[in-house]
Amino acid sequence: MRPAHAIIDLAAIRHNYRAAKTAAPKARAIAIIKANGYGHGAIEVGKTLSPIADGFGVACIEEALELRESGISNPMLLLEGIFEPDEMKLVDEYRF
């Protein structure tokens, strides 16, 4: 395999989110940052977008908890839902 190197441009991510919102001004847009922001750093991307994002989509409750614990308070959508009944308490407590 050839080595890969990615440069994460948070300003470009913010710009692209704003561009998408501008294209559909009456719509709400959830930024999907599951799987660690697809390897781009979910917390860093979340903090960059939190002032402007309508919400975030994450794969699982563990990802949502990580974002909440980092101070991100935007609405969050659990794309996979929950797997255990006791997770409902966390959903209510953290407003997922």
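Above this text you will find the structure in question.
Just so we're clear, the structure is a prediction, and the values are computed from it rather than from any experiment.

Parameters at a glance
- In this convention, every chain numbers its residues from 1, walking through the sequence in written order.
- Since the coordinates come from a predicted model, pLDDT governs what is reported: local features require at least 70, and pairs of side-chain atoms require 80 or more to be given and counted, while whole-chain, interface and lining totals use all residues.
- Note: side-chain values were computed over all heavy atoms of the structure, leaving out hydrogens and water.
- Note: two strands are recorded as paired if DSSP finds a minimum of 2 bridges between them.
- Going along the chain from the N terminus, every DSSP run of H or I of four or more residues is numbered as a helix, and every run of E of two or more is numbered as a strand.
- Only C-alpha atoms enter the line fits that serve as axes; for helices the fit covers just the stretch in contact. Angles between N-to-C directions range over 0 to 180 degrees.
- Only centres within 6.5 Å qualify two rings of Phe, Tyr or Trp (six-membered ring in Trp) as a pair; their planes then separate them into stacked at under 30 degrees, edge-to-face at over 60, and tilted for everything else.
- In this scheme, a residue with accessible area under 20% of its type's maximum is buried, one over 50% is exposed, and one in between is partly exposed, where area comes from a 1.4 Å probe on protein chains only.
- In this analysis, two residues are considered to be in contact whenever any of their non-hydrogen atoms come within 4.5 Å of each other.

(A) Layout of the sheet that holds strand β3 (residues 76-78). The strand order across the open sheet formed by 3 strands is β1-β2-β3, and the pairing between neighbours is parallel. Single-partner strands in this sheet number two, and they are β1 (30-32) and β3. If you compare each strand with its neighbour and ignore which way they point, the axes differ by 25° on average. Where strand β2 (residues 55-58) meets β3, 3 bridges bridge the pair, whose relative direction is parallel. Within β3, the position partnered with Gly57 by the bridge is Leu77.

(B) View of the packing of aromatic side chains. Applying the stated criterion to the full structure yields 1 aromatic pair. Note on Tyr94 and Phe96: the rings are 5.8 Å apart at their centroids and 10° apart in plane angle, and the pair reads as stacked. On the basis of relative accessible area, Phe96 is assigned to the buried category, the value being 17%.

(C) Spotlight on the environment of Val91. Positionally, Val91 belongs in helix α5 (residues 87-94). With relative accessibility at 14%, the residue Val91 sits in the buried group. Measuring from C-alpha to C-alpha, the distance between Val91 and Glu62 comes to 11 Å, with 29 residues separating the pair along the chain. Contacts of Val91, omitting those with residues within four sequence positions, involve Ile61, Leu78, Ile82 and Phe96.

(D) Seen up close, the environment of Lys34. Of note, Lys34 is situated in helix α2 (residues 34-38). For the pair Lys34 and Val58, spaced 24 residues apart in sequence, the C-alpha to C-alpha distance is 4.2 Å. Ignoring sequence-local partners within four residues, the contact set of Lys34 consists of Gly57, Val58, Ala59, Glu63 and Leu79.

Purely spatial values, then, with no claim about function.
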